[in-house]
Protein chains: 2
Amino acid sequence: MDDVEIELLPPGTALAWGYTPAPRRGPKPGYSLEQIVDAAIAQADAEGYAALSMPSIAKRLGITANALYRYLSSKEELLVLVADAAWGPPPEPSSGDWRAAVTAWARALLERSRRHSWLIDLPVRGAPTTPNLLGWLENFLEGMADSGLGAQDVMGCAVLVDGWVRSTASLLRDVNANPPEQVQALSGFLGPHLQGRGYARVAAVISGEAYGEEGIEEADVEFGLGRILDGIEMLIDRR
Amino acid sequence: MDDVEIELLPPGTALAWGYTPAPRRGPKPGYSLEQIVDAAIAQADAEGYAALSMPSIAKRLGITANALYRYLSSKEELLVLVADAAWGPPPEPSSGDWRAAVTAWARALLERSRRHSWLIDLPVRGAPTTPNLLGWLENFLEGMADSGLGAQDVMGCAVLVDGWVRSTASLLRDVNANPPEQVQALSGFLGPHLQGRGYARVAAVISGEAYGEEGIEEADVEFGLGRILDGIEMLIDRR
DNA sequence: GCTAACTGTGTATGCCATGAACAGTGTATG
DNA sequence: CATACACTGTTCATGGCATACACAGTTAGC
């Protein structure tokens, strides 16, 4: 594992797998990567993603922002570690059939995103490369092993369900963020603009129920997952 | 439409619907909202979302960043207008059945996101409130009118398909961003860590095909949409 | 013509990520 | 055991950002 090769890896990947160059001389580091990541998570939990800055994290540890750069080469790298730690390890593999397994998987992932509502804002992109995130993928693949689908289809399902969780988490957070008087002001404002201007159906929806209001029930959340699972089931039955 | 009420609206909503207070005295504004929004879109197209700053937009117009605040009260407001303009108006309503309509809708939306790859990064949250975005929703509702589903289910479908488009757009962009030598470095690095450490299935997938490589075919993109449509179809047949 | 409203500019503040120089510290090597 | 060097955290510094404020120039309405 050359240094050359490590430099080509996505930021944070090497660190996430424990590739931290062992120092031999000099003072002991006062902190651990884990402490720093925990402080970052605590900071985001307390003040949100926008307040997740290097100074704010450092302050929680009682050091200066620059000291963090003795442990990390960039904020981006830190965020990769934060994402891995905050999503956390996957739950125990489910025992039922593929449908039960995927349902449990999606609910568990959604649960994590509710615990840290800033998690879906982290600009951590691309395929998973860190232990926990790959663990979630392993868990999914295991849960779908009895489906009889090929590797490519199962990966397609993983991408699909993962995307659903992130969209849903984002939706849930946004909806909960709206105070009722703002929702009312919005529909009061939009109503006149929609009527008779080519927005007939939207207007009906908005006037019918409170549009975007807190009326997201558990059933609404599960609706999309149910469709996806049915669609996968149709594929399985067809083959 | 009191000012009081307008202040309660989400940022940019009033502006997007043309509520711009008509000035009576003083010099003519040198620019229009449309010009500013176009400049922002050009800037993001040219240098990406990270370079979409008030100074960079203003420079394109030949003015100072502060001058923008004569037209907009915040960057957030601008981004709402940018999102509405960059997604653009919905396509003509499709003529086939609901499945053809939703397919066309999803592909059209995906096409827009490919045209402006930074679009899915815009922190424009919550339910749509601007003319074009609501137009897309109207278009979707119209396309599903013949499905026989109730309003709540149709809205659930809209949310589901919209989420799929955004996830897919994000995936496509990320995947295309990876140079091949980095992909190779990554699988070379991950391989040894996954074998025999509880990541058997992930390891198989990675070693099998190039994991995360450019190998996303059109069929892979359509896979998720196909499952979703099948799932919706099952729901329709069941009722 | 005068005044007030409105424009764009210059200046300023307080954030941010990050680089560089520096002083203190403790270990490996002489 | 002494010393040099690697490594720590701090201070200082840079350039970028969103945005507030005061100002000078412009023009429509009185």
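Residues numbered from 1 in each chain as written. Chains lettered and ligands numbered in written order. Predicted model: local features only at pLDDT ≥ 70, side-chain atom pairs only at ≥ 80, totals over all residues.

Peer 1: What's the story with the interface of chain A and chain B in this structure? I'm lost.
Peer 2: By a widely used convention, the size of an interface equals the accessible area lost when the partners come together. Contacts between the two partners involve 54 residues from chain A, matched on the other side by 54 residues from chain B. Where the side of chain A that touches chain B is concerned, the elements lending two or more residues are α1 (3-8), α7 (131-143), α8 (151-176), α9 (180-194), α10 (200-208) and α11 (218-238) of chain A. It is α8(A) that provides the largest number of residues to the side of chain A that touches chain B, a total of 11 residues. A class-by-class count of the residues in the side of chain A that touches chain B yields 28 nonpolar, 15 polar and 11 charged. (Contact = placed C-beta atoms within 7 Å. Helix = DSSP H or I, 4+ residues; strand = E, 2+ residues; numbered from the N terminus. Nonpolar A, V, L, I, M, F, W, Y, C, P; charged D, E, K, R; others polar.)

Peer 1: Just checking my understanding: could you explain the nonpolar core for this structure?
Peer 2: In a soluble, globular protein the nonpolar side chains are often hidden away together inside. If you look at the biggest cluster of nonpolar residues, it comprises 131 residues, and the most contacted ones within it are A:Ala40, A:Val82, A:Val161, A:Val202, B:Ala40, B:Val82 and B:Val161. Not counting residues up to four positions away in its chain, the partners in contact with A:Ala40 are A:Leu52, A:Ile57, A:Leu78 and A:Val82. (Core = buried A, V, L, I, M, F, W, Y, C linked by C-beta atoms within 7 Å. Buried ≥ 20, exposed ≤ 12 C-beta atoms within 10 Å, placed from the backbone.)

Peer 1: Just checking my understanding: could you explain the environment of B:Lys75 for this structure?
Peer 2: Tracing the backbone shows B:Lys75 in helix α5 (residues 75-87). For the pair B:Lys75 and B:Gly12, spaced 63 residues apart in the sequence, the C-alpha separation amounts to 9.7 Å.

Peer 1: Explain the protein's contact with DNA strand D here, please?
Peer 2: The immediate surroundings of DNA strand D are formed by 27 residues, with A:Pro23, A:Gly26, A:Gly30, B:Met54 and B:Lys75 found nearest. Examining the composition of the surface near DNA strand D, we find that three residues originate from one element, helix α4 (residues 54-61) of chain B, more than from any other. Of the residues in the surface near DNA strand D, the class split is 11 nonpolar, nine polar and seven charged. (Near = placed C-beta within 6 Å.)

Peer 1: I'm lost on the environment of A:Val154 in this one. Help?
Peer 2: All names here are of chain A. The residue Val 154 is located in helix α8 in this model. A tally of 21 C-beta atoms within 10 Å means that Val 154 is categorised as buried. Look past the residues within four positions of Val 154 in its chain and what remains in contact with it is Leu 141, Met 144 and Leu 149.

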